[in-house]
Amino acid sequence: MGKNIGYATPDKTTPLAPFIFDRRDVGPEDVRIDIAYCGVCHSDVHQARDEFGGALATLWPCLPGHEIAGTVAEVGADVTTYAVGDRVGVGCLVYWGDESQRGVPEEQYQNPPAIFTYNGQDPDTGAVTLGGYSDEIVVNQHFVLRIPDAIPLEEAAPLLCAGVTTWSPLAHWNVGPGSTVAIAGLGGLGHLGLQLAKARGADKVIALTTTPDKADDLRELGADEVVDMNDDEAVERLAASVDFILSTIPTPFDMKPYLSLIRHDGALVTVGMLEPIHEEGIDFGAVSMSRITIAGSLIGSIAETQEVLDFAAEHGIRPEVQVIPVQDVNRAFDEMVANNIRFRYVIDSKTLDADREKADELPTS
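Presented here is an overview of the structure given in this document. Fair warning: this is a prediction, and the values are worked out from it, not measured in the lab.

Reading the values: rules and limits
Residues numbered from 1 in each chain as written. Predicted model: local features only at pLDDT ≥ 70, side-chain atom pairs only at ≥ 80, totals over all residues. Heavy atoms only, no water. Helix = DSSP H or I, 4+ residues; strand = E, 2+ residues; numbered from the N terminus. Contact = heavy atoms within 4.5 Å. Polar contact = N/O pair within 3.5 Å; in protein donor to acceptor, adjacent residues only side chain to side chain. Core = buried A, V, L, I, M, F, W, Y, C linked by side-chain atoms within 4.5 Å. Buried < 20%, exposed > 50% of the residue type's maximum accessible area, 1.4 Å probe, protein only. Pairing = 2+ DSSP bridges. Right-handed = clockwise from strand over helix to strand, strands pointing away. Phe/Tyr/Trp six-rings, centres within 6.5 Å; stacked < 30°, edge-to-face > 60°. Axes fitted to C-alpha atoms, helices over the stretch in contact; angles between N-to-C directions. Parallel < 35°, antiparallel > 145°, perpendicular 65-115°, else oblique. Nonpolar A, V, L, I, M, F, W, Y, C, P; charged D, E, K, R; others polar. Salt bridge = Lys/Arg side-chain N within 4 Å of Asp/Glu carboxyl O.

We now examine the environment of Q141. Structurally, the position occupied by Q141 is in the loop between β8 (136–140) and β9 (144–146). The spatial distance from the C-alpha of Q141 to the C-alpha of P319 is 26 Å, given a sequence separation of 178 residues. Look past the residues within four positions of Q141 in its chain and what remains in contact with it is E29, V31, D78, V79, T80, T81 and Y82.

Written out as structure tokens, the structure is:
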């Protein structure tokens, strides 16, 4: 019988359920973390339901979770950065794809890519990496983040993916004073992108939404203007006035109305969608006439993740979270797909104890 417990699925149609397994032993450079909270990311839904395909095709069993916050429980002999009891987090990456990549920045863009927290291959055991919907995790010290005392652990969790995924392109494209910025898709990623763009000093931050009943909430988070993208007149009024659009929309969508908002030499960067664009495609005539850049950005580096944690602590940026028991995770998945969530679900890992009491009846790895 394994000593660890989490929520996993053996295939794309089976709901997540309690799962018994063993984490690997703590190596010289490893940190073992007692997980307190884990955010629920929309990509967890895609991965658990095998909706990505290609290089991101799901490996089974799939135990999601890459927004992990907790405390250090054990450190390896060569660990110098962390000590037992430290408040720490783990994001999307847990190890280098190749030993030659040690010390190389932007781990997410290396070839081979760094090892994902889940749905990767553990470099020591060869087994599928298992994520944060669980009680513990063992991670190489380089991929552990320090959580500032000012941020509660449950609010820190979403910063480890949603936070850095929006921070990275804002930093790369130098969004700040002098910029008019629009954030498209105001869920788990977008509501953080909005706050970060505002705190970086953008002159104007616009929320682009298809659910206008969120307008008051978005203004409270810092939006200077909220635009309903289903309102053709409102979209027309905003034409060619935006320098940078950060799209956090997680599924294919018609980019044309969004591109119409971008002025000469502006950019639309998508972080929420890892699929082909909408079947209607892109009008590259309009793109070329204004020399618009269309780009993508993938999560963020370890250095950028620490940056966003520290920046959020300094500027009082906090995700809006709804803490749930792990037993509600399948309902949470359905609510995210139906767009019925107000920003971000976060799992309380203590609730795994209720399933641990029934361990003899549970499937094992």
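What follows concerns the side chain of E136. With respect to the secondary-structure elements, E136 resides in strand β8. Among the polar contacts made by the side chain of E136, one reaches the side chain of N4 at a distance of 2.9 Å. In contact with E136, not counting residues within four places along its chain, are N4, R23, R32, I33, D34 and I35.

If you look at the biggest cluster of nonpolar residues, it comprises 94 residues, and the most contacted ones within it are Y133, L194, L218, F244 and F333. Once residues lying within four places of it in the same chain are set aside, the contact partners of F333 are L16, V40, D44, V45, A48, R49 and Y133. Grouped together as the second largest cluster of nonpolar side chains are 23 residues, I206, M229, Y258 and L268 included.

For the rest of this paragraph, the subject is the environment of L16. You can see L16 is positioned in the loop between β1 (4–8) and β2 (17–21). Relative accessible area serves as the criterion here: at 6%, L16 is assigned to the buried category. When the C-alpha atoms of L16 and Q327 are compared, they prove to be 9.0 Å apart, with 311 residues separating the residues in sequence. Each residue touching L16, except ones within four places of it in the same chain, is listed here: Y7, A8, T9, C62, P64, Y133, V329, N330 and F333.

Bringing the pairing of strand β10 (residues 180–184) into the picture now. Of all the 5 residues making up β10, 5 are buried; the element is thus mostly covered by neighbouring parts of the structure. Of the two faces of β10, the one lined by T180, A182 and A184 and the one lined by V181 and I183 are each fully buried. Where β10 and strand β11 (residues 204–209) come together, 5 bridges link them in parallel fashion. Opposite T180, over in β11, you have K204 as the bridge partner. Between the parallel pair β10 and β11, the chain is carried across by helix α4 (residues 190–199), and the sense of this crossover is right-handed. Sheet topology places β10 next to strand β13 (residues 242–247); 4 bridges connect them, and they run parallel. Of the residues in β13, the one forming a bridge with A184 is S247.

Attention now moves to the packing of aromatic side chains. A full pass over the atoms with the stated rule returns 7 aromatic pairs. An angle of 75 degrees between the planes, with centres 5.6 Å apart, marks the rings of Y95 and W96 as edge-to-face. No difference in accessibility class separates Y95 from W96, as the two residues are buried. With a centroid separation of 4.7 Å and 50 degrees between ring planes, the pair formed by W167 and F311 is classed as tilted. Of this pair, W167 sits in helix α3 (residues 162–172) while F311 sits in helix α9 (residues 302–315), and the two are 144 residues apart along the sequence. For the residue pair W167 and F311, the accessibility class agrees, reading buried in each case. In textbook terms, an aromatic cluster arises when at least three aromatic residues are bridged by ring pairs, as seen for Y95, W96 and F143.

A separate point is the packing of α3 against α9. At a minimum axis distance of 9 Å, the contact between α3 and α9 shows a crossing angle of 100 degrees. With respect to α9, the element α3 is oriented roughly perpendicular. Contacts between α3 and α9 pair G163, V164, W167 and S168 from the former with E304, T305, E307, V308 and F311 from the latter. The residue makeup of the contact of α3 with α9, split by class, is 4 nonpolar, 3 polar and 2 charged.

Moving on, we come to the sheet that holds β10. Strand order in the open sheet made by the 6 strands is β12-β11-β10-β13-β14-β15, with parallel pairing throughout. Every other strand in the sheet has two partners, leaving β12 (225–228) and β15 (293–296) as the edge strands with one partner each. Strand-to-strand twist in this sheet, taken as the mean axis angle between neighbours without regard to direction, amounts to 20 degrees. With 5 bridges connecting them, β13 and strand β14 (residues 262–270) associate as parallel partners. Its bridge partner lying in β14, F244 is registered against A267.

What follows deals with the pattern of salt bridges. On inspection of all chains with the given rule, the structure shows 23 salt bridges. Between D135 and R356 there is a salt bridge, with the nearest N and O atoms lying 3.1 Å from each other. Here D135 is found in the loop between β7 (115–116) and β8, whereas its partner R356 is found in helix α11 (residues 353–356), with 221 residues between them in sequence. Relative accessible area serves as the criterion here: at 32%, R356 is assigned to the partly exposed category. When the shortest N-O distance is used, the salt bridge between K204 and E225 registers 2.9 Å. Here E225 lies in strand β12 and K204 lies in strand β11, a separation of 21 residues in the sequence. Ionic contacts of the salt-bridge type, sharing partners, join the residues R32, D34, E74 and E136 into one network.

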